[in-house]
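This is what each chain is made of:
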Amino acid sequence: MTFLHRCYDDIIADHLNQYRQIIFVSGPRQVGKTTTCRNVASSPESYLDWDNSDDRRIILRGPAAITERLKLSSLREKPQVVILDEIHKFSRWKTLLKGFYDTYSENVRILITGSSRLDSFRRGGDSLMGRYFHYRMHPFSIAEIVWQSLPNAKKILHSPKKIATDDFTALWEHRGFPEPFIKRDYRFTRRWWSLRRQQLVREDIRDLTQVRELSQIEVLTNILIERSGEQLIYGNLAAEIQVSADTLRRWINTLCSLHFGFLIRPWFKNITRSLRKEPKWFLRDWSNISDAGKRGETFVACHLFKAVEGWTDFGFGDFQLSYLRDKNKREVDFLITRDNKPWILVEVKTSETSLSPSLEFFRKQTQAPYTFQVIINANFVNADCFAQINKPMVVPAKTFLSQLL
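Remember, predicted model here, so these are calculated numbers, not experimental data.

Student: Explanation requested: the pattern of salt bridges in the structure shown.
Tutor: Once their charged atoms are close, side chains differing in charge can pair, the charge on each being opposite to the other. Applying the stated criterion across every chain, the model contains 26 salt bridges. When the shortest N-O distance is used, the salt bridge between E240 and R227 registers 2.9 Å. Pair noted here: E240 is in helix α12 (residues 234-241) and R227 is in the loop between α11 (214-226) and α12, with a separation of 13 residues, a long-range link. According to the relative accessible area criterion, R227 is partly exposed, its value standing at 26%. Among the ionic pairs, E331 bridges to K280, the shortest N-O distance being 3.3 Å. Linking E331 in strand β9 (residues 331-338) with K280 in strand β7 (residues 280-283), this pair joins segments that are 51 residues apart in sequence. Taking the relative accessible area as the measure of exposure, K280 reaches 1% and is therefore buried. Salt bridges linked by common partners bring K280, E297, R325 and E331 together as one network.

Student: Honestly, the packing of helix α8 (residues 165-174) against helix α15 (residues 292-313) in this entry has me stumped. Any pointers?
Tutor: For any two helices packed against each other, one specifies the crossing angle of their axes together with the interaxial distance. Here α8 crosses α15 at 105°, and the two axes come no closer than 11 Å. Classified by the interaxial angle, the pair formed by α8 and α15 is roughly perpendicular. Contact residues: F168, L171, W172 and E173 in α8; R295, G296, F299 and H303 in α15. For the contact of α8 with α15, the class distribution of residues is 4 nonpolar, 2 polar and 2 charged.

Student: Teacher, can you tell me more about the sheet that holds β9 here?
Tutor: Strand pairs in the sheet, formed through backbone hydrogen bonds, run parallel or antiparallel to each other. Strands sit in the order β7-β6-β8-β9-β10-β11-β12 across an open sheet of 7 strands; the sheet is mixed. Of all the strands in the sheet, the pair left with one neighbour each is β7 and β12 (393-396). Across this sheet, the average inter-strand angle for adjacent strands is 35°, counted without regard to direction. The pairing of strand β11 (residues 370-375) with β12 spans 4 bridges and is classified as parallel. Its bridge partner being in β12, I375 is matched across the sheet by P396.

Student: Looking at this structure, I do not really get the nonpolar core. What am I missing?
Tutor: Nonpolar side chains in soluble globular proteins tend to be buried together. I252, W311, F334 and F400 are the most contacted members of the largest nonpolar core, which totals 93 residues. If you tally residues by element for this core, the top one is α15, at 9 residues. Ranked by size, the runner-up nonpolar core spans 23 residues in total, among them I58, L72, W93 and L97.

Student: Just to check I follow, could you spell out the state of the cysteines for this structure?
Tutor: Under the counting rule described, the total for this entry stands at 0 disulfides. Lacking any disulfide linkage, C7 is separated from the closest cysteine sulfur, that of C37, by 13 Å. Residue C7 is classed as buried on the basis of its relative accessible area of 1%.

Student: What's the story with the packing of α12 against helix α13 (residues 245-257) in this structure? I'm lost.
Tutor: At their nearest, the axes of α12 and α13 sit 9 Å apart, and the two run at 95° to each other. Considering the angle they form, α12 stands roughly perpendicular to α13. Here Y234, L237, A238 and I241 of α12 lie close against α13, whose contacting residues are A245, L248, R249, W251 and I252.

Student: Please clarify how the packing of aromatic side chains should be interpreted in this entry.
Tutor: Where two aromatic rings form a pair, the distance of their centres and the angle of their planes describe that pair. Within this structure, the stated rule accounts for 26 aromatic pairs. Pairing F168 with W172 gives two aromatic rings, centres 6.4 Å apart and planes at 15°, and the pair type is stacked. Of this pair, F168 and W172 are both found in helix α8, 4 residues apart, which corresponds to roughly one turn of the helix. For F168, a relative accessible area of 12% translates into the label buried. Each ring, one from F361 and one from F362, has its centre 5.1 Å from the other, and the planes form 80°; the classification is edge-to-face. Looking at F362, the relative accessible area reads 6%, which means it is buried. Through pairs of rings, three or more aromatic residues link up here, namely W311, F319, W343, Y370, F372, F386 and F400. Positioned above the aromatic ring of F140, the side-chain terminus of R6 is 4.2 Å from the ring centre. The aromatic ring of F181 is capped on one face by R184, whose charged end is 4.7 Å from the ring centroid.

Rules used in this analysis
- Residues numbered from 1 in each chain as written.
- Predicted model: local features only at pLDDT ≥ 70, side-chain atom pairs only at ≥ 80, totals over all residues.
- Heavy atoms only, no water.
- Salt bridge = Lys/Arg side-chain N within 4 Å of Asp/Glu carboxyl O.
- Helix = DSSP H or I, 4+ residues; strand = E, 2+ residues; numbered from the N terminus.
- Buried < 20%, exposed > 50% of the residue type's maximum accessible area, 1.4 Å probe, protein only.
- Axes fitted to C-alpha atoms, helices over the stretch in contact; angles between N-to-C directions.
- Parallel < 35°, antiparallel > 145°, perpendicular 65-115°, else oblique.
- Contact = heavy atoms within 4.5 Å.
- Nonpolar A, V, L, I, M, F, W, Y, C, P; charged D, E, K, R; others polar.
- Pairing = 2+ DSSP bridges.
- Core = buried A, V, L, I, M, F, W, Y, C linked by side-chain atoms within 4.5 Å.
- Disulfide = S-S within 2.5 Å.
- Phe/Tyr/Trp six-rings, centres within 6.5 Å; stacked < 30°, edge-to-face > 60°.
- Lys NZ or Arg CZ within 6 Å of the ring centre and 35° of its normal.

Pasting the structure below:
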């Protein structure tokens, strides 16, 4: 793969053509947010970075100075596109943005992006309510590599398409973040991961939460890397770290908000019951997981998580990712719900092709139309996984994941 065209390029371009709302682009560090946004800027002058002292002075002078920089008084065929990068570091950024948008929204389109902390700073207060749409950016996936395009709103599932062997190996070994995926150099990948993790613990967590027990958080991140795909028993894990269970919950929520990992909860028809059960934890980066089974499950989990967040952000419906487990310890790894109705059941195996009995049991319980046992090590099959309903199927991961996002 020699270029970095992303489905998010099409997503943002589509938004700019149809809507005037502000675009928030959030996601992990180094996932390509700034690069994607700068691709649609009207000109180099349309990009303002809070971390650049010259740009910061313009931002601090307010909307009038920004419009002067953008030359909004000049006649144009279409609205000017402006990127405000790291603007959330300004204490009064929401007030500035609200005033700028309310005054100039007919003449300008605004994109807000920045570090992984942006999503946390975006929350709280409703001063921007109705004035923005949020898009959550993820690393490369199989479907994005082979299709590189926005799904069709009338058919959100792609047709199957084979990923090149070299691309799949790079994705599996070097992760889906653009730089390591493109370079495919093991020395670079290891150094890249080490620096990224150091920035997460030593900079993002410290600055966002004022937590000072960074050595304990580093211990926690080491444990969580090895426990991807496992249920989190907060009391037991808190005892290992020697903190209270409430403190541990706050730390894990912070790690999720900074895109180190994510939680999925068991699904029940009664939503309040699911909130009382232990969530499952997944790392956002599968390549550092040594256990083959956990690595495969995390690989699929990240693809599914990207799909449900993307489909929801694009307005295709309300999608959620959960898992299933009953008192008899029958379990299915993943359930995707669509508009609160069970839609796709997924059980992940490394090589095992004998159907899990739990799949058929939970298919009958949930009435989900699609039920799959996804095999990591199986070869691609050029056939539509979604051609049949109400029938559990064994499918290759390379086929199934190529049809998502």
